[in-house]
Number of protein chains: 2
Amino acid sequence: MRQSTNPTHVSLATVLQIRGGGLQALLWQRGREPFLGAWSLPGGYLEEGETLEQSIKRHLAAKVDVREVAHLEQLVTLSDPDRHPGEWQIATAYLGLVPTGVDPKLPVDTAWHRVSRLPRLAFDHREITLAGRERLRAKLSYTNIGFALAPREFTISELRELYANALGHDVSATNLQRVLLRRGVIENTGERRASGRGGGRPAAVFRFRTPRLEVTDEFAVLRPPSSR
Amino acid sequence: MRQSTNPTHVSLATVLQIRGGGLQALLWQRGREPFLGAWSLPGGYLEEGETLEQSIKRHLAAKVDVREVAHLEQLVTLSDPDRHPGEWQIATAYLGLVPTGVDPKLPVDTAWHRVSRLPRLAFDHREITLAGRERLRAKLSYTNIGFALAPREFTISELRELYANALGHDVSATNLQRVLLRRGVIENTGERRASGRGGGRPAAVFRFRTPRLEVTDEFAVLRPPSSR
DNA sequence: GCAAAAGTGTTGTGTCTACACCCATGT
DNA sequence: ACATGGGTGTAGACACAACACTTTTGC
């Protein structure tokens, strides 16, 4: 045990979703100083007896139904003594992902904001949010993390749209389909989507094969020799 | 401000080095309960006014000269309330790398241990160490992180040996050289190493081009279209 | 000359992008 | 018929592993 003071510890989360044609983050308008009125990440103090992951889930429950968060992973722990004016506070940030289409009822002080046009954020929450976006973009390339952003079933062009919004650049439907099929990340459900007003061939309906994060591309240059 | 108790916060580090023909971790034998006599990671309490990174550097200084740690990055923050018997303690773990050849004078309670044959470790330090090794292995593939394990100058076969030890499998000198040269990670110094007793062609001497972590292989499947 | 060690040439494979082309539907 | 998307076929670029072969040294 130790005598001197200890820092307070908060859990925070950048909760991201593709909505309104872009990548958006769930933000919360502060009701007290410091940064009164500024936007900030949801989260709050760590309580005795809980883990950080339990803590962030508990705090998120006040904003969104936790079951709507399809993926949650730890991002980084921030410890600059000046990050909070007037309090010695450590923050552990998480990245949370909510599938497209889910539209949680939000408290009045909470709203979605485009990550590409963030308002002024309290504390170091801007860098956390941008770090979350980078993590997401990287993992879209070599894991099945798309499952946490996509609805349960979707057409390739819907998925293409989603990847393009998350990655911030255009994505080819042709190649997206082939990459994800070759890796066994998505599968054809056998169903088809009726064609729209202007006609066009009905689209096949796909789904992600597993609802848990998996590394699908080992990107292992310098891989083990072919044991022969 | 907040009334109730706060957790204590410690910084820890898995410090890894290739030595004695294998990947080894710097461990410290505990001098007090709990886990008296067991081996554990170096580290200690976070002090007011310092960041976690400053904290781990300060604690490491008691074990090794901090200038000998060529790379340091945050790994993970552990918060299981039961991880420390008798204290509510959060730990933020770092990964530190020390170049081959550096042989720090160690205090008597400190020693290197092969990661593949770890003794029983205190707390959750075993999983931290293994997580550190995994992080290192992954980054060897797509970054220049080898700079932090290699001496300043080296031949390709020395580097091959080093990569093989870190990765845990054989590595081809031929392909290692080509991959790292193609990516511009290493460069030829122009010098040559004299051949040994049994003869053999003198080896060219190489060095890493930058002493800071860089991502060298964007592994970006689904990369942006070729802007035309 | 011969062994030893370093380094290059070359081939084959797999994964990816790009783009041409074919398919199924509505009007 | 023809427009509108959806989907497949295919060629080229690239990075890599594997392995044969050449180079440079000591003895």
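Data block above holds the structure.
Here the residue numbering is sequential within each chain, running from 1 through the sequence in written order. Chains carry letters and ligands carry numbers; both start at the beginning, A for chains and 1 for ligands, and go up in the order they are written. The predicted nature of this model means local features are confined to residues of pLDDT at least 70 and side-chain atom pairs, given and counted, to a pLDDT of 80 or more, with totals for whole chains, interfaces and linings taken over all residues. Side-chain metrics rest on all non-hydrogen atoms present in the structure, leaving aside hydrogens and water.

1. Quick word on the packing of helix 3 (residues 156-167) of chain A against helix 4 (residues 173-182) of chain A
Residues and elements named next belong to chain A. At a minimum axis distance of 9 Å, the contact between helix 3 and helix 4 shows a crossing angle of 100 degrees. Comparing the axis directions of helix 3 and helix 4 gives the class roughly perpendicular. For the pair helix 3 and helix 4, contact is made by Ile-156, Leu-159, Arg-160 and Tyr-163 and by Ala-173, Leu-176, Gln-177 and Leu-180, respectively. For this classification, Asp, Glu, Lys and Arg are treated as charged, while Ala, Val, Leu, Ile, Met, Phe, Trp, Tyr, Cys and Pro are nonpolar and the rest, including Gly, are polar. The residue makeup of the contact of helix 3 with helix 4, split by class, is 6 nonpolar, 1 polar and 1 charged. Axis definition: a line fitted to C-alpha atoms, limited for helices to the stretch in contact. Angles are taken between N-to-C directions and run from 0 to 180 degrees. Secondary structure elements follow DSSP: runs of H or I of four or more residues count as helices, runs of E of two or more count as strands, with numbering from the N terminus. When an angle is under 35 degrees it counts as roughly parallel; over 145 it counts as roughly antiparallel; between 65 and 115 it counts as roughly perpendicular; any other value is oblique. What makes two residues a contact is simply this: any of their non-hydrogen atoms within 4.5 Å.

2. Details of the relation of the copies chain B and chain A
The superposition of copies rests on a least-squares fit of C-alpha positions from residues with pLDDT of 70 or more in both. Once chain B is rotated about the relating axis by 180 degrees and shifted along it by 0.0 Å, it coincides with chain A to within an RMSD of 0.0 Å. In the structure described here, the two chain copies are related by an operation that fits a two-fold rotation axis. Considering only C-alpha atoms, the residue of chain B closest to the rotation axis is Asn6(B), which sits at 2.9 Å. Looking at chain B, 100% of its interface residues are interface residues in chain A too, so the copies touch through the same face.

3. Topic: the interface of chain B and chain A
Chain B puts 44 residues into the contact, and the matching count from chain A is 45 residues. A buried area of about 3,700 Å², summed over both sides, lies between chain B and chain A, and 63% of it is on carbon and sulfur atoms. Throughout this description, the term salt bridge denotes a Lys or Arg side-chain nitrogen within 4 Å of a carboxyl oxygen of Asp or Glu. One can count 0 salt bridges joining chain B with chain A. Think of a polar contact as two N or O atoms within 3.5 Å of one another; within protein, one of them needs to be a possible hydrogen donor and the other a possible acceptor, and neighboring residues in sequence only count if both atoms come from side chains. Counting every contact that joins chain B to chain A gives 5 residue pairs in polar contact (both at pLDDT 80 or more). Mapped by element, the contributors of at least two residues to the side of chain B that touches chain A are strand 1 (8-19), strand 5 (71-78), strand 6 (89-97), helix 2 (125-142), helix 3 (156-167) and helix 4 (173-182) of chain B. For any pair of parts, buried area is found by adding up, for both, the accessible area (1.4 Å probe) each one loses once the two are put together.

4. Thoughts on helix 1 (residues 52-61) of chain B
Structurally, the α-helix is built with 3.6 residues per turn, so residues lying three or four positions apart point the same way. Note on classification: 1.4 Å probe, protein chains only; a residue is buried when its accessible area is under 20% of the maximum for its type, exposed when over 50%, partly exposed between these limits. Where helix 1 of chain B is concerned, the buried positions are Leu52(B), Ser55(B), Ile56(B), His59(B) and Leu60(B). The arc that holds the buried residues of helix 1 of chain B, viewed along the axis, is 130 degrees, so those residues lie on one side. Where helix 1 of chain B is buried, its residues touch strand 5 (71-78) of chain A together with strand 1, strand 4 (43-45), strand 5 and strand 6 of chain B. The directions from the helix axis to the C-beta atoms form the arc being described.

5. A look at the protein's contact with DNA strand D
Whether a residue is near a molecule or strand depends on its heavy atoms: if one lies within 4 Å, it is near. Taken together, 30 residues lie near DNA strand D, and Arg178(A), Gly200(A), Arg201(A), Ala204(A) and Arg182(B) sit nearest. The sugar and phosphate moieties of DNA strand D supply 69% of its atoms located within 4 Å of the protein. The backbone of Gly198(A) places a nitrogen or oxygen atom 3.3 Å from a sugar or linking oxygen of DNA strand D. Contact between DNA strand D and Gly200(A): a base oxygen at 2.8 Å from a main-chain N or O atom of the residue. At the level of secondary structure, the elements contributing two or more residues to the surface near DNA strand D comprise helix 4 and strand 9 (203-208) of chain A together with helix 4 of chain B. The greatest single-element share of the surface near DNA strand D, amounting to 5 residues, is contributed by helix 4 of chain B. Across the surface near DNA strand D, the residue classes tally to 8 nonpolar, 13 polar and 9 charged.

Note that every value here comes from positions in space, so none of it alone points to a role or purpose.
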